[in-house]
Amino acid sequence: MKSDPVDSTICQWIKGFRAPGSGPFLRYFLVIVSLLLLYSMVLWSYSSGDRRANQHFPRPRMQHHNRTQSPSKPTPVASMVPPGLSVEEWERMLKATHWGGPKRQVTSANKSTSPGHSTFIIQNLKQSYSVGEELHVTIFAKDFTGQLKRYGGDFFQAKVYSDKLKASVFGEVLDHQNGKYSARFILPWAGQASVAVRLIHSSEAVKALKQHRSTDSDRFTFYGYFIGKNSSGAEVQETVECNIKWAGVVLSTMAQKNCCCEYQDAPTGLTWQCRQPRGLPCDALIYHSRGVRINRLTRLEKVLMDSQHVDIWLKGDQRLITIRYSNATVGARNKCSPGVPTPTPAGFYLNDVWTSFVCATRHFTVNDATKCLKDKHIYIMGDSTSRQWFDHLYRVLPTLKLLNSHAVYQVGPHLAVDVLNNIDLHWRSHGLPLRCYKAPIAAFQYMGNVIDDIAGGPHTVIVFTMWAHFITFPLSYFAHRVSLVRRAVVALLRRAPETKVIIKTANTGEKDVFTGDWFSLQFDRILHEAFRDVGVYILDVWQMTACHYNPDVLHPAPVIIKNEIDILLSFMCPE
C-alpha cells in the first residue's frame, strides 16, 4: 500500500525531533505545529472539493444551492415533532386532531356509510321549548345494505334552521365510535325550526383522506419559471416543477443527480425547491405559478368521494320544533377581548344577521366602520378568503381608495388608503406555497417575516389566515408553519403589547381530496391549539359558513362576509 507523502514528511519531522541535543520544549513545540499544519491541509483539501456546487447566489431573504437527493420516505406524523413546537404542544395538537374510524379499509363501497340509509331522530321531542333550551338528536350511521355501522369516524354536520326566518344554529356532533352520534343544539330564537343533518364524508372516505395527506403531498404541483441567456446570448425560459422541502414531500425527479435548486429563507429556515433547469443556473428563478392537479385516488376511493357518497343531507326526523319566547339572555354580553375561547355554538343567524355567543359584537353602518378604522394601520395577510375582507372594506367604504400597485391580484401586495381619516389597509398573501397565476417570485414573503418587520402599537391591527393552500401537505408541516407565525406574533406583542392580532379560521367549502373540509377542520383545530394562550383574537368562521343556507363554497357569499366583517370590527372597536 502506497504511503501518503504528507504522512511521510510528518514522520521525518518527528524523527528529527529525537536528535541529540534538541530540548524537550522545542520537540513538543514542533510536534504541535506539525499537527496543526496537517489538520489545515486536510481541511483545505475537503473544503475545496466542490466549492462551485455550494456557492450561494444573492437573493433578498433567500438562499439556494444545488443538491442531489433521493426520494424521501414519508415519516409517520406521530413520530416527528415539528420544529418550533415542544413535545407537549405537538401531543396536544395530535389529540385535538384525532379522528376515529375503521382499522382496515373496506373492499367494497357497499360497506361504507350510506347517506340514503343513515338517519336521525329528535330525542324526547317536547310540545314546545323556551328560547335558550337545548335540543338533542341521535344520528344512526348505516351502510348501503342498511346495517348499522359498528365503528365511528364519519364526518357529519348538523344544524337547526328556519328558512322563513333565515335563521340557523350549528350543532355539536359527538362520535360514540359505534355507529351512533349525538348532536346537541341551543335553541336561540322564537318560532318554528327543523333539524338537518348531512354526511360530509364517510369514515371510509376520511381514512383515505388521512392516507393521502401523509403520502400524496404533490397532488397539487407548482411551476417555477427560469429566465436567462444561453451560451449564444439569446434569452431562454425553462419551466420546472417546484414544491416545499419537507419529509414525505418529493418532486417527481428527485432521484436524478443534481435534481434540485433549493431556496432557503434565512429567518424562518423554510426551504422552497425546484427541479434543476437544464441550461440555466438556480439564480435565474423569476416567476412562480400553480401547476396541475394529480388525482391518485384508487378506483374504490373515487367511488367513496363521488356525488353519491359526499355532502348529502340525510332523511330523518321531520317533526317541527316550536320555540317560545322567554326572558333568557340570547347572545354574549361580555366585552370582546383577546384570548376568549370559541364555544359551540359560537352564535346563530336570525334574519341573516349573526349574533355571537363569543362576545358582545355589534353591526356596523358605513359611518360606524369608518370611525372604527380611523387612525389605524390594518395589515391583512393570508389567502383569497382573507382578501375577501380587504375587498369588502374598500368597496363598501366610499372614502377608502384602492391604489394600483400593479401586483398580481392573488399575491399582492395591495393597498387602500383614506387620507381624510388616516387609514391604510394592506393585503398580501402568506407566501409560498400558493396556488396562483404567474407572479414574480420576489413578491412572495413568509408571514412571519412580514410581522417581524411591523413595529406595532395601539394604532396597528394585524389580521391573518392560513389553511387552504396547505391542505395537501402533512399535518406536521402546517403545524411548523403555524409555529413560525406564532413566534413572530409573540415577539410583536412583547415589543408592542397594544397591537391587536386577529386570526381568521378556515371556512367550509369544497369536499374533495384537494381542498376538502375535513382537512380544513383539522387545520382549524391546530390554529386554535397553537394560539390559545398567546393573547390574540380568534374569529371562528367555520360555524358561520357551515350552518348558513347558502351552499358551501370556498369563497363565502356576501351576506356571510358582511357578518364576518362586523365581528372583525367589533374586535377592533369593542366600545
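Residues numbered from 1 in each chain as written. Predicted model: local features only at pLDDT ≥ 70, side-chain atom pairs only at ≥ 80, totals over all residues. Heavy atoms only, no water.

Caption draft 1: Geometry of the confidence of the model for the chain. Averaged over all residues, the pLDDT of the chain is 87; the fraction at 70 or higher stands at 85%. Counting contacts from residues 1-22, a segment whose pLDDT is below 50, to residues more than four positions away or on other chains yields 15 contacts. Low pLDDT, under 50, characterises residues 38-78; the predicted model gives this stretch 75 contacts beyond four residues in sequence or across chains. (pLDDT = per-residue confidence, 0-100. Contact = heavy atoms within 4.5 Å.)

Caption draft 2: Spotlight on the state of the cysteines. Scanning the entire structure with this criterion turns up 5 disulfides. Disulfide pairing is shown between Cys336 and Cys359; the S-S distance is 2.0 Å. A torsion of 80° about the S-S bond marks the disulfide between Cys336 and Cys359 as right-handed. Of this pair, Cys336 sits in the loop between strand E15 (321-324) and strand E16 (347-350) while Cys359 sits in the loop between strand E17 (353-356) and helix H6 (366-373), and the two are 23 residues apart along the sequence. Residue Cys336 shares its accessibility class with Cys359, and that shared class is buried. In this model, Cys372 is linked to Cys573 through a disulfide, with the two sulfur atoms separated by 2.0 Å. Handedness here is read from the sign of the S-S torsion; for Cys372 and Cys573, about 95°, the answer is right-handed. (Disulfide = S-S within 2.5 Å. Helix = DSSP H or I, 4+ residues; strand = E, 2+ residues; numbered from the N terminus. Buried < 20%, exposed > 50% of the residue type's maximum accessible area, 1.4 Å probe, protein only.)

Caption draft 3: Structural view of the sheet that holds strand E18 (residues 377-382). One open sheet holds the 7 strands; their spatial order is E19-E20-E21-E18-E23-E24-E25, and the pairing between them is mixed. Every interior strand has two partners, whereas the edge strands, strand E19 (401-403) and strand E25 (537-539), have only one. Adjacent strand axes in the sheet meet at a mean angle of 20° when their direction is disregarded. Where E18 lies against strand E23 (residues 460-464), 5 bridges are found, and the strand directions are parallel. Bridging from a neighbouring strand, Ile378 pairs with Val461 of E23. (Pairing = 2+ DSSP bridges. Axes fitted to C-alpha atoms, helices over the stretch in contact; angles between N-to-C directions.)

Caption draft 4: Region of interest: the environment of Asp566. The residue Asp566 is located in helix H12 (residues 558-572) in this model. A relative accessible area of 4% means that Asp566 is categorised as buried. Counting along the chain gives 212 residues from Asp566 to Trp354, while the straight-line C-alpha distance between them is 9.0 Å. Sequence-distant contacts of Asp566, that is, excluding residues within four places in its chain, are made with Arg362, His363 and Phe364. There is a polar contact of 3.2 Å between the side chain of Asp566 and the side chain of His363. (Polar contact = N/O pair within 3.5 Å; in protein donor to acceptor, adjacent residues only side chain to side chain.)

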